[in-house]
Amino acid sequence: MIQSLPLLDKTVLVPRGENQAKSFSQLVERYGGIPIEIPLLSFRPIEKNQCLNDALLALNTYDWIIFTSNVTVETFFSFLKKEGIGEAFPKIAVIGKKTGEVLTEMGLTPQFVPSAYVAEAFVEEFIPLIDKDARVLVPKGNLAREYIARSLTEAGAHVDEVVIYETYMPAESRVKLAGMLADQQLDILTFTSPSTVDHLMAVVKEYGLNEQLRNCIIGCIGPITEKKLRAYGLTVHASPEEYTVKEMINSTIAYLDREE
């Protein structure tokens with residue numbers, strides 16, 4: 001039974017909000033773990049966004065639109081009326097399998113998905129596919145990297161970045177996280193972006209909880225998130241080659257197996 005439930009009775013931090021946490025938590029439960037949902041990130045659309053309004057009015061002039069996350073997709077289309085999705089909609093490029101799935105559920109098909117779900121791989125594989133003077137729209141969050149837009153611009157594309165949502169950590173998450181870390185109630189910490197690391201570490205610093213992290217197993221998705229963790233002096237126990245939640249959990253289980 002232990003062999004088939006490698007996370008048996010281990011508490012696992014799920015750093016996502018209610019709408020995004022379900023599949024993550026179900027995966028933890030499948031292996032016997034106890035998911036603890038504490039959203040380290042929450043998102044709110046930027047209202048009265050003139051830059052976005054201008055981009056929507058000129059949507060048919062873009063050759064490509066790039067979505068880097070399902071949050072970006074959902075936020076963008078919350079501003080765009082359904083009847084605005086027509087033949088004039090730009091070709092779509094995405095980073096990540098989940099982002100593509102969200103679009104497919106909306107009846108849209110991405111024309112480009114990179115082989116690895118990071119900006120560097122995206123740029124390397126995407127640039128050969130676009131014309132030098134291509135017009136590209138990149139809706140994004142306020143904390144998103146500028147790597148894609150900068151790289152495409154250097155390659156000759158005309159890129160418009162539009163910040164459509166802002167990222168923050170809910171106040172209730174800070175209190176719950178501090179309490180659980182202080183009482184050492186979290187066995188495994190998982191991180192899905194550099195921002196989740198920054199937000200957790202802000203709580204750790206505020207409450208003086210560095211010692212409590214020493215007994216936690218740490219897993220993450222992607223080299224940028226791993227780099228951020230190491231910059232804080234933390235040990236990363238699990239960082240899979242495929243940047244998905246499923247593989248992060250598998251990588252964590254593999255680490256636990258090696259430690260037995």
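Residues numbered from 1 in each chain as written. Predicted model: local features only at pLDDT ≥ 70, side-chain atom pairs only at ≥ 80, totals over all residues. Heavy atoms only, no water.

Draft legend 1. Geometry of the overall build of the chain. When helices and strands are counted, the chain shows eleven helices and nine strands. Overall size of the chain, expressed as C-alpha extent along the three principal axes, is 55 × 35 × 35 Å. Here the chain holds 260 residues, and the buried ones make up 49% of them. Within the chain, counting contacts between residues at least 6 apart in sequence, those at least 24 apart form 67% of the total. A gap of 2 Å separates the mean positions of the 25 positive and 35 negative side-chain charges of the chain. (Helix = DSSP H or I, 4+ residues; strand = E, 2+ residues; numbered from the N terminus. Buried < 20%, exposed > 50% of the residue type's maximum accessible area, 1.4 Å probe, protein only. Contact = heavy atoms within 4.5 Å. Lys, Arg positive; Asp, Glu negative; His and termini not counted. Charge placed at Lys NZ, Arg CZ, Asp CG, Glu CD.)

Draft legend 2. Representation of helix α6 (residues 147–154) within the structure. Among the residues of α6, Ile 148, Ala 149, Ser 151 and Leu 152 are the ones counted as buried. Down the axis of α6, the smallest arc covering the buried residues is 165°, so these residues share one side. (Arc of directions from axis to C-beta.)

Draft legend 3. Representation of the state of the cysteines within the structure. The tally for this structure, following the rule as stated, stands at zero disulfides. Note on Cys 220: no disulfide assigned, nearest cysteine sulfur contributed by Cys 216 at a separation of 15 Å. (Disulfide = S-S within 2.5 Å.)

Draft legend 4. Main features of unusual backbone geometry. Positive phi, close to 50°, is recorded for Lys 48, a residue that is not glycine. Here Lys 48 shows up in the loop between β3 (42–45) and α2 (50–57). With a relative accessible area of 84%, Lys 48 lands in the exposed category.

Draft legend 5. View of the environment of Leu 229. Structurally, Leu 229 is set in helix α10 (residues 223–231). Residue classification places Leu 229 among the buried residues on the basis of a relative accessible area of 0%. Along the sequence, Leu 229 and Thr 196 sit 33 residues apart, while their C-alpha atoms lie 9.9 Å from each other.

Draft legend 6. Structural view of the confidence of the model for the chain. Residue-level pLDDT values for the chain average 91, and 95% of them are 70 or greater. Per-element averaging of pLDDT across the chain places helix α4 (residues 97–105) at the bottom with 87 and strand β8 (residues 188–191) at the top with 98. (pLDDT = per-residue confidence, 0-100.)

Draft legend 7. Structural context of the environment of Lys 97. Relative to the elements of secondary structure, Lys 97 occurs in helix α4. By relative accessible area, which is 44% here, Lys 97 ends up partly exposed. For the pair formed by Lys 97 and Arg 30, sequence separation is 67 residues and the distance between their alpha carbons is 21 Å. Residues within four places of Lys 97 in sequence aside, it is in contact with Tyr 117 and Glu 242.

Draft legend 8. Examining the packing of aromatic side chains more closely. Scanning the model with the defined rule gives nine aromatic pairs in all. Their ring planes at 45° and their centres at 5.4 Å tell us that Phe 112 and Phe 126 sit as a pair that is tilted. Here the residue Phe 112 occupies a position in the loop between α4 and α5 (119–126), and Phe 126 occupies one in helix α5, the gap between them amounting to 14 residues. The class of Phe 112 is buried, set by a relative accessible area of 8%. (Phe/Tyr/Trp six-rings, centres within 6.5 Å; stacked < 30°, edge-to-face > 60°.)

Draft legend 9. Just the pattern of salt bridges, in detail. Following the criterion strictly, the structure yields nine salt bridges and no others. Salt-bridge contacts for Arg 44 lead to Glu 166; the nearest nitrogen and oxygen are separated by 2.7 Å. Placement of Arg 44 in strand β3 and of Glu 166 in strand β7 (residues 158–168) is noted, with a sequence separation of 122 residues between them. (Salt bridge = Lys/Arg side-chain N within 4 Å of Asp/Glu carboxyl O.)

Draft legend 10. Broad picture of the nonpolar core. Counting residues in hydrophobic clusters, the biggest one holds 25 residues, and the most contacted among them are Leu 177, Leu 189, Phe 191 and Leu 200. Looking at this core, the elements that each hand over two or more residues are α7 (171–182), β8, α8 (194–207) and β9 (217–220). Residue contributions to this core peak at five residues, all from α8. When sequence neighbours within four positions are dropped, the list of residues in contact with Leu 200 reads Leu 13, Leu 40, Leu 177, Phe 191 and Leu 213. Core analysis: the second largest hydrophobic core is formed by 22 residues, Leu 56, Val 73, Val 94 and Tyr 165 among them. (Core = buried A, V, L, I, M, F, W, Y, C linked by side-chain atoms within 4.5 Å.)

Draft legend 11. Spotlight on the sheet that holds β3. With mixed pairing, the five strands of this open sheet are ordered in space as β3-β7-β6-β4-β5. Strands at the two margins of the open sheet, each flanked by one partner only, are β3 and β5 (91–94). The average angle at which neighbouring strand axes cross in this sheet is 30°, direction not considered. For strand β4 (residues 64–67) and β5, the ladder comprises four bridges, and the chain directions are parallel. Looking across to β5, one finds that Phe 67 is bridged to Val 94. (Pairing = 2+ DSSP bridges. Axes fitted to C-alpha atoms, helices over the stretch in contact; angles between N-to-C directions.)

Draft legend 12. Summary view of the packing of α5 against α6. Across the interface, α5 lies against α6 with an axial gap of 10 Å and an inter-helix angle of 25°. With respect to their mutual orientation, α5 and α6 come out roughly parallel. Note that α5 runs across α6; the crossing there is right-handed. Contacts from Ala 119, Glu 120, Phe 122, Val 123 and Phe 126 in α5 reach Tyr 147, Ile 148, Ser 151 and Leu 152 in α6. Looking at the contact of α5 with α6 residue by residue, the classes come out as seven nonpolar, one polar and one charged. (Parallel < 35°, antiparallel > 145°, perpendicular 65-115°, else oblique. Left-handed = near helix turned anticlockwise from the far one by under 90°. Nonpolar A, V, L, I, M, F, W, Y, C, P; charged D, E, K, R; others polar.)

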